[in-house]
Structures are given as C-alpha cells and as structure tokens.
Amino acid sequence: MNEMINVADLSFSYTRKPFIDGVSFDVAGGEIFGFLGPSGAGKTTLQKILTGLIKKYKGNVRVNGQEVCRHERNFHENIGVCFEFPSLYEKLTARENLRFFGSLYKKQRNIEELLESVGLQSEADKRVSDYSKGMKTRLNFIKALLHDPAVLFLDEPTSGLDPSNARNLKDLILAEKAKDKTIILTTHNMYDATELCARVAFIVDGRISALDTPRNLIMSKGAMTVEYVYMKEGKEVTGRTALNQTGDDTLLQSLIAENRLLSIHSSEPTLNDIFVEITGRRLR
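Residues numbered from 1 in each chain as written. Predicted model: local features only at pLDDT ≥ 70, side-chain atom pairs only at ≥ 80, totals over all residues. Heavy atoms only, no water.

J.: Where do I start with the sheet that holds strand β13 (residues 261–267) in this structure?
T.: Hydrogen bonding along the main chain pairs the strands of a sheet, whether they run parallel or antiparallel. Spatial strand order, β12-β11-β13: three strands in an open sheet with antiparallel pairing. Taken across any chain shown, the strands that pair with only one partner, and hence form the sheet edges, are β12 (235–242) and β13. Going across the sheet, the axis of each strand differs from the next one's by a mean of 20°, ignoring polarity. Note that strand β11 (residues 225–232) and β12 share eight bridges and pair antiparallel. By the bridge assignment for β12, V226 is matched with T241. (Pairing = 2+ DSSP bridges. Helix = DSSP H or I, 4+ residues; strand = E, 2+ residues; numbered from the N terminus. Axes fitted to C-alpha atoms, helices over the stretch in contact; angles between N-to-C directions.)

J.: Which parts of the structure should I look at to understand helix α9 (residues 271–279)?
T.: Owing to its 3.6 residues per turn, the α-helix aligns residues three or four sequence positions apart on the same side. Those residues of α9 not exposed but buried are L271, N272, I274, F275 and T279. What you see down the axis of α9 is that its buried residues fit within an arc of 160°, all on one side. After α9 finishes, the residue G280 shows a positive phi value of roughly 75°. (Buried < 20%, exposed > 50% of the residue type's maximum accessible area, 1.4 Å probe, protein only. Arc of directions from axis to C-beta.)

J.: Help me understand the pairing of strand β8 (residues 182–187) in this model?
T.: Along any regular strand, the residues point their side chains to alternate faces of the sheet. Counting buried positions over the six residues of β8 gives six, a clear majority of the element. With burial as the criterion, each face of β8 is covered, one bearing T182, I184 and T186 and the other bearing I183, L185 and T187. Pairing of strand β3 (residues 32–36) with β8 involves five bridges; the strand directions are parallel. Residue pairing for β8: G34 is matched across the bridge by L185.

J.: Before we go on, may I ask you to explain the nonpolar core in this structure?
T.: Most often, soluble globular proteins have nonpolar side chains that are buried together. Judged by nonpolar contacts, the single largest core of 44 residues is most densely connected at L115, L139, F141, I142, L154, F202 and L271. Counting residues per element, this core draws most heavily on helix α4 (residues 133–145), at six residues. If we ignore the near neighbours within four places in the chain, the residues touching I142 are L98, L114, L115, S117 and V118. Of all hydrophobic cores here, the second largest spans 27 residues; its members include I5, V23, Y57 and V68. (Core = buried A, V, L, I, M, F, W, Y, C linked by side-chain atoms within 4.5 Å. Contact = heavy atoms within 4.5 Å.)

The structure is reproduced here in structure tokens:
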C-alpha cells in the first residue's frame, strides 16, 4: 500500500493536559479518510498539525514523504487546505482572490473552469464581501484546488450549503479522488462521512476510539433488520426480523403469501448510532 500519510504516536498539548494523545493511523494514496467527531474533539487541531500550522508535537507525522515539523519549502505545493471558515480577501472579487492565491504556487489550474464547477462564474467579479456564506464556502473550496495538490485537507466542506450545492461539492470531491488525490475529511456530518470515506476514525477528546470502513463499523454492531407492518384484529402491528433470518420468519412468510403486508422496509444503524454506542457521545 502506497502510504501518503503516516502518523505514529502523535501527541500535542495547548496546556499541560494532552489535547491530542497517542494518535496513530495511515492513509493510502488515493484514499478519502474521514475524522468523525463532535466539536472540540480535536479534529481541526489534528488537521493543523498535518498541514504544518502546528509543529511542536510529539511523535511522527509524515505527509507525502516529509516529516511535517521539518518539512521542505515545497511542502505546501503538494497540499491543499480548505478550513471550515473561509480565508478570503473580502475587498477583492472572487476572480481576483483566485488569481492572487494561484500566483503563490508553481502550478495553477484553469480559474474559469473552477469557478464554473461551483456555479460562481457569473458572480466572479463581485466582491467577496457581498457573497453569501454558501458562496464563500464554494469559493474557499476551489481555492484549495488551485495548484492541483496531491493531498487535500477538507474541514466541514459542506457546512452552510443547501442540498443542491452540497451534492455538487461532494461530486467534486469524488472527482478529485478519481484523479488519485488523497483526501482527509474532518466532519461531524455522518452522512458525508458514510458516502465519501473509504475509512473513518472516531475521535473524541483527542483519541481515536475506532477506525474502520463505515460499513464495517455499522455492521459490527448488529445485522440489518427488516421491519414490516400488517393488520391484526383491526389494528396495525409492527414486526421485526434480522435481514439474514427473513426465511425463518414464518409470520412474515405467511403475510407475504396472503398479500397482507401494509409496508416493509429494511433499516440499519447509522454512523451516528455507532458513534454514540462506542464513545457515549453525540456528533453534534
């Protein structure tokens, strides 16, 4: 496995009390890896360490072959960062922002194509101060793509977006993955994590509580169930059975044979359910 990120026994403290404590994980090239946790869990601090904004850590943190606290001058040429709160020049237009930030790197993608990809081309000459929160979020995202980095760090990338723009942004993230980009996604949005990430790590109080694929985490805590509703003595009654045991449920089989089912659907735990069970905390 081609490891793009390797973290071993990472610890960091703002005070004497550890804030990040004994964290270890690897991320393969071309993988979308998610950190899932509530606000204040340490997700953003971990991202700041990985991107070189915080260097006084203990342990080893290697990104794209470089120890982050001793990274070379070309380190940021190969990483793109999109923090939850946009870092843009409000008095400049969107196009001017992209031209400026693009000038800081050796490579630069086509600005007009990036603007069009997030629906901002018609608003590109408007000052960012006149942008809505969602427009700033979209602009901030493509700013991270400007120099075509090998590694992307995305912090709550769909925060503040309406469903349509959130869907478009997730499609763009998947398109970057298809180009073999490595993506670190920090979020408390279980739906984004389930849809986008090959693997997720639950982080609470600066520690990793669990790390696996979303499906493995979900299925490890119980099989999918089937819930069905039927009429009995003039009242609606609900029955449940494990998906892998439907053939043994004689009541369900007879209801199907007699065409007496009012409704039937399958259900499984969500990542949020699993997170609560493992950590005792809620994502929000």
